[in-house]
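Architecture at a glance
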Amino acid sequence: ILNVADMDADTITHTEAPVEEGEPYFTSLDLFLFSLIVGIIIYYFMPRKEPEPLPEFKKLDTPPPATRETSFIEKMKKTGKNIIVFYGSQTGTAEEFANRLSKDAQRYGMKGMAADPEEYDMGELSRLSEIENSLAIFCMATYGEGDPTDNAQDFYDWLQENDDEDLSKLNYTVFALGNKTYEHYNAMGKYVDKRLAELGATRIFDLGLGDDDGNLEEDFVSWREQFWPAVCEHFGVEASGDESSIRQYELQEHTDINMNKVFTGEFSRLKSFEIQKPPFDSKNPFLAPVTVNRKLNKAGDRHLMHLELDITGSKIRYESGDHVAVFPTNDSALVNKLGQILGVDLDVVISLNNLDEESNKKHPFPCPTSYRTALTHYLDITHPPRTNVLYELAQYASDPKHQETLRKMASSSPEGKALYQNWVLDACRNILAILEDMPSLRPPIDHLCELLPRLQARYYSIASSSKVHPNSIHICAVVVEYTTKTGRLNKGVATNWLKNKLVTDNGHKSTVPMYIRKSQFRLPFKATSPVIMIGPGTGIAPFMGFIQERGWLKEQGKEVGETVLYFGCRHKNEDYIYQEELEEAEKNNVLTQLNVAFSRDQEHKIYVQHLLKNNKENIWKLVHSENAHIYICGDARNMAKDVQTALHEIAEELGGMTRTQATDYIKKLMTKGRYSQDVWS
């Protein structure tokens, strides 16, 4: 690089004339030439030294194409909408319900829009009254231990922090989505409902509670059937009686398109699977190579597996107790069958374009893409369809009996609900099974693609510690496979997909699109605190990470408290997974106690809760006297409840408490962060 200062000095030397002593150093000609030369140098060299600002200004002049309107009030005014349906959604169901409610509005002479609270300024709720006959509906799911979903976290924080907010002119209602098997049933929906009322808003219809452990669809339909008449009464409007199908997207077929512009499974940025750029998240997953995929169980008819994903160079960081989210794809055999039964060429490239041009959601999934890619990567084709899908599809059945059956199942009549429960849910009929069992039902594939929900990421508790495996994430899972009442073999989408992720497949490395979801399931801050880990079956996953971490701390010379594990499986010789690792950890005193319940190795079944009761004195001493932290991972419906009951009984017996006191005692442990659950139903 040329140095301007050096150049100046050099130039001065060359332009100097011999001078007499006592005369001025420079004549006016010298000064003129000197100034001219310096000027030329500055002109030529300065831009080369600092080229950066020019492109920066260009960037500023061109706004990014994805700029979004953060004012939902302005958007509603611009598009003539008066109902806004916000959703807090982790798995897509709340978003689906929000879309259904916003579509419903049209049947009541109103106009609705579904909205992600993460995309808008929720401080504008107080301004909603600027729009006549306006209403805010909130479809709020609860995630984990009573937490808001990722996209509703900011809204939750805003509600908590703004005590002075005046929402006295806001009309609202809430439908909550939860699961009764969890400790904090529908906590987020209940909180939003209560908090909006505290801030002065007017509740125009009762809080709806949806229970995914029962029949969430039925809960929603029943609530919705009563909700709309209440809205009509409140605003003095009447239903139009128009129950006809309302399309949200229009089909565009691409006959001559550059295939580089076509989505092939990516989620937001074209070619993001070919050119990977951090940071990696739900919209930009990292393609992690599979380095290990082994069967864990020695025998038995199930397939328990251990996978290791390589995250080298991704800048992904995780901690023990976090979840890894993976994006599976549907079985190609199912996709091909759908194409055959509907008689379509799955490789046609299409776009489904939103008829509402002002909507933030331009397409139901990344477009342009092929039907094959949409059905493989983007759409859920294995879950039983919801009633709104059946209702919309009914018009395409040429047999009046099929039409009637579909409409009946979508109705709120007791017979209709019972038929849907029996024929669709209990029989586990997915869309392909319904098409097979109703030969007259042949909908256009583009409308079917519009109606099917998005295929969601699946979450697994990470079975490793980043202290020991900084560049690797371990997954422990059991392959889901079962025969339905109709004799069909149903396979779990994600677990069967993972099972087939061989380390090398035809010479290529298998990869898994993934990202990390942070969790509150954490080892105690003090390594000296004792831990009691209770995790039967694949519930052992996060505890493999905890054990690795406690072992690593010991190796660092840290004092580590008691580390106690309660694990359970069916048979010692079949599915005692990670047996060698656990016994090694016990031998090295990393695990101070290893308690294993083999439920079916004797006549009467023995589960982890029975072992807890057998060791009640030790459990009580650790919890009550030594401030132990309790961790439970696995099945929420039975195991987590039975374990909690066992701990209540120990507190009653050894703590001299009543049942109410024992229940409060455990609740206090939860509040203090000493009783953590990572459970699923």
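Predicted model, so just to flag it, every value in this text is computed and none were measured.

Helix and strand counts for the protein chain stand at 23 helices and 25 strands. Counting all 681 residues of the protein chain, 50% fall into the buried class. In the protein chain, of all internal contacts separated by at least 6 residues, the share reaching a separation of at least 24 is 76%. Surface summary for the protein chain: the accessible area is close to 33200 Å², and the carbon and sulfur share equals 50%.

With that settled, the discussion passes to the pattern of salt bridges. Under the defined criterion, the tally for this structure stands at 38 salt bridges. Linking Lys-271 and Glu-274 is a salt bridge whose minimum nitrogen-to-oxygen distance equals 3.7 Å. Lys-271 gets classed as buried once you look at its relative accessible area, which sits at 18%. Note on Glu-274: relative accessible area 59%, which makes it exposed. With its nearest N and O atoms 2.3 Å apart, the salt bridge here joins Glu-652 to Arg-659.

Where helix α21 (residues 616-625) meets helix α22 (residues 636-655), the closest approach of the two axes is 10 Å, and the angle between their N-to-C directions is 85°. The orientation of α21 relative to α22 falls into the category roughly perpendicular. Contacts between α21 and α22 pair Lys-616, Glu-617, Ile-619 and Trp-620 from the former with Leu-647, Ile-650, Ala-651, Glu-653, Leu-654 and Gly-655 from the latter. Looking at side-chain class alone, the contact of α21 with α22 contains 6 nonpolar, 1 polar and 3 charged residues.

The UniProt record annotates "binding site: NADP(+)" (unreviewed entry) at Arg-302, Thr-538, Ser-599, Arg-600, Lys-605, Ile-606, Tyr-607, Val-608, Gln-609 and Asp-642. Checked against the element boundaries, Ser-599 lands in the loop between β23 (593-598) and α20 (608-614). Look at Ser-599 and you get buried, because its relative accessible area is 6%. What Ser-599 contacts, discounting residues up to four positions off in sequence, is Cys-569, Arg-570, His-604, Lys-605, Ile-606 and Tyr-607. When you line up the elements, Arg-600 lands in the loop between β23 and α20. Sequence-distant contacts of Arg-600, that is, excluding residues within four places in its chain, are made with Arg-570, His-571 and Lys-605.

Time to look at the nonpolar core. Among the nonpolar cores identified, the biggest contains 42 residues, and Phe-365, Leu-375, Leu-406, Ile-431, Leu-441 and Cys-449 are the most heavily contacted of them. Where this core is concerned, the elements lending two or more residues are α9 (332-342), β12 (349-354), α10 (371-378), α11 (387-393), α12 (400-409), α13 (414-426), α14 (431-437) and α15 (445-451). Mapping this core onto the domain boundaries places at least three of its residues in each of domain 2 (277-328 + 457-519) and domain 3 (329-451).

On to the packing of α9 against α10, then. Running from amino to carboxyl end, α9 crosses α10 at an angle of 140°, the nearest separation of the two axes being 10 Å. In terms of their interaxial angle, α9 and α10 are classed as oblique. Every pair of crossing elements has a handedness; the one defined by α9 and α10 is right-handed. Packed against α9, whose contacting residues are Val-335, Asn-336 and Leu-338, the element α10 presents Arg-372, Leu-375 and Thr-376 at the interface.

Conventions used here
For every chain, the first residue of the written sequence is number 1, and numbering continues from 1 along that sequence. Given that this is a predicted model, residues contribute local features only at a pLDDT of at least 70 and side-chain atom pairs are listed and counted only at 80 or more, while totals for whole chains, interfaces and linings are drawn from all residues. Where side-chain values are given, they derive from all heavy atoms of the structure, hydrogens and water being excluded. Only DSSP runs of H or I with at least four residues qualify as helices, and only runs of E with at least two residues qualify as strands; both kinds are numbered from the N terminus onward. Any residue under 20% of the maximum accessible area for its type is buried, any over 50% is exposed, and the rest in between are partly exposed; the area is computed with a 1.4 Å probe on protein chains only. Contacts were defined at the residue level, with two residues in contact if any of their heavy atoms lie within 4.5 Å. Throughout, the Shrake-Rupley method with a 1.4 Å probe supplies accessible areas, and for residues the shown protein chains are the sole cover considered. The term salt bridge refers to a side-chain nitrogen of Lys or Arg lying within 4 Å of a carboxyl oxygen of Asp or Glu. Throughout, an axis means a line fitted to C-alpha atoms (over the contacting stretch in the case of helices), and angles, computed between N-to-C directions, take values from 0 to 180 degrees. Any angle that falls under 35 degrees is termed roughly parallel, while one over 145 is termed roughly antiparallel, one within 65 to 115 roughly perpendicular, and all others oblique. Three categories are distinguished: nonpolar for Ala, Val, Leu, Ile, Met, Phe, Trp, Tyr, Cys and Pro, charged for Asp, Glu, Lys and Arg, and polar for the others, with Gly belonging to the last. UniProt positions are given in the numbering used here, feature names are shortened, and annotations may be inferred rather than shown by experiment. We call a set of buried Ala, Val, Leu, Ile, Met, Phe, Trp, Tyr and Cys residues a nonpolar core when their side-chain atoms join them within 4.5 Å. Note: domain ranges come from an automatic or database domain assignment. The sense of a crossing depends on the near helix, which, turned anticlockwise from the far helix by less than a right angle, makes the crossing left-handed and, turned clockwise, makes it right-handed.

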